[in-house]
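# Structural characterization, general
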Amino acid sequence: MNVTNTIPGYTHGTGAVSRSPVTLGDLDLMKKSVLFGDEDVKYLRLSHGVLKDQVEPILDVWYGFVGSNPHLLASFTDKNDGKPLGDYLGAVRKRFGQWILDTSRAEYDQHWLDYQHEIGLRHHRAKKNTTDAATSTALVPFRDLFLLIFPVTVTLKPFLAKRGHSAEEVDKMYAAWVKSCLLQVTLWSYPYLKDGDF
Ligand code: HEM
């Protein structure tokens, strides 16, 4: 989190975010399940320097992918006329850019864990649209949330390779990103699951 951050709706580290029902102890066990360790933290932080001035072109690729798939773009359309909501897309894009920086900064503490729960709620009908007062569809379908881990990470790889790191370092940064996205989307699944099943 950047304390001087003024991105609308970005509430990481503020009192507006409620506590995650998942504990840091649970997160430690999840890290073991996905083989996420100190080396991954190291390579995520290496990726921070690589990615921080490439955020906009990365977002262009990801938004291009969502925009060219009507079933994905649907989550950003008006629920009444089905037209894309430019303001909503633009507002979320700013927070998505910050998410690239937060993921690569890899300070996965209580504030981060709490904000993961918030991001899950914002994809789910519990809180979708509320941050930006959008008139969009009620829910991001879970199936797409999970499946997007592949396109999000595979399209990041060329950007990881753009600053002269060795193939081995690029592979390690990429693996750390895949694991982090798996951890995060798993955390985001909480509101989608039946009570007690997480
Ligand atoms: C690996 C998969 C995904 C990642 C990493 C991701 C990432 C993000 C991030 C970082 C945000 C902003 C969170 C914030 O408010 O700070 C966001 C919001 C959003 N994402 Fe995703 N997302 C993923 C999958 C999807 C999919 C598949 C869709 C649907 C096509 C989607 C639609 C949305 C929408 C509509 C919002 C705005 C929610 C709101 O109303 O607040 N996301 N996503």
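This structure is a prediction, so every number in the text was calculated from the model and none was measured.

Below, the discussion takes up the site of the ligand. In the vicinity of the ligand lie 26 residues, with Arg-95, Trp-99, Arg-122, Asp-144 and Leu-148 positioned nearest. Elements that contribute at least two residues to the shell around the ligand include exactly helix H5 (86-105), helix H6 (110-123), helix H7 (142-147), helix H8 (149-154) and helix H10 (167-188). With four residues, H5 is the largest single contributor of residues to the shell around the ligand. Here the shell around the ligand is composed, by residue class, of 16 nonpolar, five polar and five charged.

In this section: unusual backbone geometry. In this structure, Leu-35 takes a positive phi of about 60° despite not being glycine. Take Leu-35: it is sitting in the loop between helix H1 (24-33) and helix H2 (38-51). We classify Leu-35 as exposed; it has 10 C-beta atoms within 10 Å.

For H2, with 14 residues, the first-to-last C-alpha span of 20 Å sits near the 20 Å given by 1.5 Å per residue. Buried residues of H2: Asp-40, Tyr-43, Leu-44, Leu-46, Ser-47, Val-50 and Leu-51, and no others. Taken around the axis of H2, the buried residues stretch over an arc of 160°, which confines them to a single face. The exposed set on the far side of H2, more than 90 degrees from its buried face, consists of Asp-38 and Gly-49. Among the structural elements, helix H3 (55-67), H5, helix H9 (157-160) and H10 are those in contact with the buried residues of H2.

When two helices pack together, their arrangement is given by the angle between the helix axes and the distance between those axes. At a minimum axis separation of 10 Å, H3 and H5 run at an interaxial angle of 120°. Considered as vectors, H3 and H5 are oriented oblique to each other. When you trace H3 past H5, the crossing you get is right-handed. Together, Val-55, Ile-58, Leu-59 and Tyr-63 of H3 and Arg-93, Phe-96, Gly-97 and Ile-100 of H5 make up the contact between the two elements. Its residues assigned to classes, the contact of H3 with H5 comprises six nonpolar, one polar and one charged.

Turning to the packing of H6 against H10, a few remarks are in order. The N-to-C vectors of H6 and H10 enclose an angle of 60°; their axes lie 8 Å apart at closest approach. Between H6 and H10, the crossing angle belongs to the class labelled oblique. Considering only the axes of H6 and H10, their crossing is right-handed. Residues Gln-116, His-117, Ile-119, Gly-120 and His-123 of H6 form the contact with H10, whose participating residues are Gln-184, Leu-187 and Trp-188. Partitioning the contact of H6 with H10 into residue classes produces three nonpolar, five polar and no charged.

What counts, and at which threshold
- Residues numbered from 1 in each chain as written.
- Predicted model: local features only at pLDDT ≥ 70, side-chain atom pairs only at ≥ 80, totals over all residues.
- Near = placed C-beta within 6 Å.
- Helix = DSSP H or I, 4+ residues; strand = E, 2+ residues; numbered from the N terminus.
- Nonpolar A, V, L, I, M, F, W, Y, C, P; charged D, E, K, R; others polar.
- Buried ≥ 20, exposed ≤ 12 C-beta atoms within 10 Å, placed from the backbone.
- Expected span 1.5 Å × (residues − 1).
- Arc of directions from axis to C-beta.
- Contact = placed C-beta atoms within 7 Å.
- Axes fitted to C-alpha atoms, helices over the stretch in contact; angles between N-to-C directions.
- Parallel < 35°, antiparallel > 145°, perpendicular 65-115°, else oblique.
- Left-handed = near helix turned anticlockwise from the far one by under 90°.

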